[in-house]
Amino acid sequence: MKWLKHILSIGIGVSLAAAWISGCGRSESSTKPESGKNPSRMVQVAVARVEPSPMKDILVLPGGTEAWQDVRVGADMGGRVEWIGPKEGDVVKEGDLIAKIDVLSLKASLDKAEAALKLVEDLYDRRLKLFERNIINQEELEKALTEQTLAKASFREARTEYDRGFVKSPISGLVNYLFVDEGEFIDRGKPLVDLVNVDKIKVNVNVPELDVRFLKTGQKAMIRVDAFPEREAPGTIDFVAYKADPATKTFLVRVLMDNPGRDIRPGMIARVAFLRRIIPDALSAPLFALVDKGGERIVFVEKDGEVHARTVSIGVIEEDRVQITKGLEPGDNLIVTGQREVEEGMKVEVK
């Protein structure tokens, strides 16, 4: 029996040893890399050659629209408003009659002054004939002349007061607001009507002190009104302030633009694009070619199939391009497609 147990223990040991050797063989074979597989990957990129070209340094600032002419017409005299011609929204021409104030009583005063003038003129003519016939002396004639002069002055005064009762439009434009109705009483100097001329529009822009030095009267600008985002209209700088606003430290710049349809109204918000300067030989890159890494602006260039990272400084922005003031050289192959998949020193394929 002892020999049988000895044989069984030997057999079990051999089986265990064979199983261990077989397992080690399978583990080693599973860890070997597959033959013919390349662990590195070639990235395809597109490049654009960097060449100097002109760039426009454009400053865009918000502004507010204002009527070309905005006049508040007041009453030259007090009295009852007897008649108002135009209504709010009506178009008036310069010199058109807008309202009549107390003209009936003024007409009576004018007629009275005219009659008095005619009387003293007739009296002077009669006395002049009497003086020529030596019937009256020089003193009586001079007295008649003085009365005639005073009557003429009274008549002119009455005529002036009468004319003041007829309120006429000082400009051509639109009636924006009426302050009184027919039959109301109005005091001298009180507002009667607001008139606006919107055939042209003024756009007032507050320009920072660092930028105002680039702007001159007569310079062209492009204007876009927020209410009409699809439309862009040209304008001309009409005024550049010489004194800054003490609160904002900005300078008022007024731009004048045509408004033939009268659809741009005073009080709207506009964006004005000023051309500050033209940079003749600027190096630029598409905005999307820049990559932000750790707060630094990076671009990638390709040279002999290898990627090189460049830290850049930027200048002006024109539409979808940005000026590169430092970090690029003329002739560089700037990576514009695949730039977010590459790193310094990688091998790439230019497609």
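Up top you'll find the structure we're talking about.
Because the structure is a prediction, the values reported are computed rather than measured. (Residues numbered from 1 in each chain as written. Predicted model: local features only at pLDDT ≥ 70, side-chain atom pairs only at ≥ 80, totals over all residues. Heavy atoms only, no water.)

### Looking at the sheet that holds strand E18 (residues 313-318)
- Read from one edge to the other, the open sheet built from three strands follows the order E14-E19-E18, with strand pairing classed as antiparallel. Two strands in the sheet have a free side with no partner beyond their single neighbour: strand E14 (284-286) and E18. In this sheet, adjacent strand axes meet at a mean angle of 35° when their direction is disregarded.
- With four bridges connecting them, E18 and strand E19 (residues 321-326) associate as antiparallel partners. Its bridge partner lying in E19, Ile-317 is registered against Val-322. (Pairing = 2+ DSSP bridges. Helix = DSSP H or I, 4+ residues; strand = E, 2+ residues; numbered from the N terminus. Axes fitted to C-alpha atoms, helices over the stretch in contact; angles between N-to-C directions.)

### Details of the pattern of salt bridges
- By the definition in use, this model includes 19 salt bridges.
- Arg-276 serves as the salt-bridge partner of Asp-57, at 2.8 Å between the closest nitrogen and oxygen. Highlighted residues: Asp-57 in strand E2 (residues 53-74) and Arg-276 in strand E13 (residues 269-282), separated in sequence by 219 residues.
- Its relative accessible area of 2% is what places Asp-57 among the buried residues.
- Overall, Arg-276 belongs to the partly exposed group, its relative accessible area being 22%.
- In this structure, Arg-72 engages Asp-194 in a salt bridge whose closest nitrogen and oxygen atoms are separated by 2.9 Å. One end of the pair, Arg-72, is in strand E2; the other, Asp-194, is in strand E9 (residues 191-208), with 122 residues separating them in the sequence.
- Overall, the relative accessible area of 55% leaves Arg-72 in the exposed class. (Salt bridge = Lys/Arg side-chain N within 4 Å of Asp/Glu carboxyl O. Buried < 20%, exposed > 50% of the residue type's maximum accessible area, 1.4 Å probe, protein only.)

### Details of the layout of surface pockets
- Its volume calculated, the largest pocket comes out at about 260 Å³.
- For the lining of the largest pocket, the secondary structure elements donating two or more residues are strand E7 (173-178) and E9.
- With three residues, E7 is the single largest residue contributor to the lining of the largest pocket.
- Looking at the lining of the largest pocket, its residues break down into six nonpolar, two polar and three charged. (1 Å grid on protein atoms, 1.4 Å probe; cavity = no way out; pocket = protein on both sides within 12 Å on 5 of 7 lines; lining within 4 Å. Points joined across faces, edges and corners; volume = space filled by probe spheres on them. Nonpolar A, V, L, I, M, F, W, Y, C, P; charged D, E, K, R; others polar.)

### Notes on the sheet that holds strand E6 (residues 166-168)
- Reading across from one edge, E6-E5-E3-E8 is the order of the four strands in this open sheet, with antiparallel pairing throughout. Two strands close off the open sheet at either side, each with one partner strand: E6 and strand E8 (185-186).
- Where strand E5 (residues 97-101) meets E6, three bridges bridge the pair, whose relative direction is antiparallel. Considered in E6, the bridge of Leu-97 is made with Lys-168.

### Points about the pairing of E2
- Note: E2 against E13, 11 bridges, orientation antiparallel. Directly across from Val-60, in E13, lies its bridge partner Ala-273.
- By the bridge criterion, 11 bridges tie E2 to E9 in an arrangement that is antiparallel. Its bridge partner being in E9, Val-71 is matched across the sheet by Leu-195.

### Description of the side chain of Gln-148
- Here Gln-148 is to be found in helix H3 (residues 138-164).
- Gln-148 gets classed as buried once you look at its relative accessible area, which sits at 11%.

### Regarding H3
- Given a rise of 1.5 Å per residue, 27 residues ought to cover 39 Å, and the 39 Å separating the end C-alpha atoms of H3 matches this to within 8%.
- Within the sequence span of H3, burial applies to Leu-141, Ala-144, Gln-148, Ala-151, Phe-155, Ala-158 and Tyr-162.
- Those residues of H3 that are buried lie in contact with helix H2 (103-132) and E6. (Expected span 1.5 Å × (residues − 1). Contact = heavy atoms within 4.5 Å.)

Scope: geometric values only; no functional claims are made or implied.
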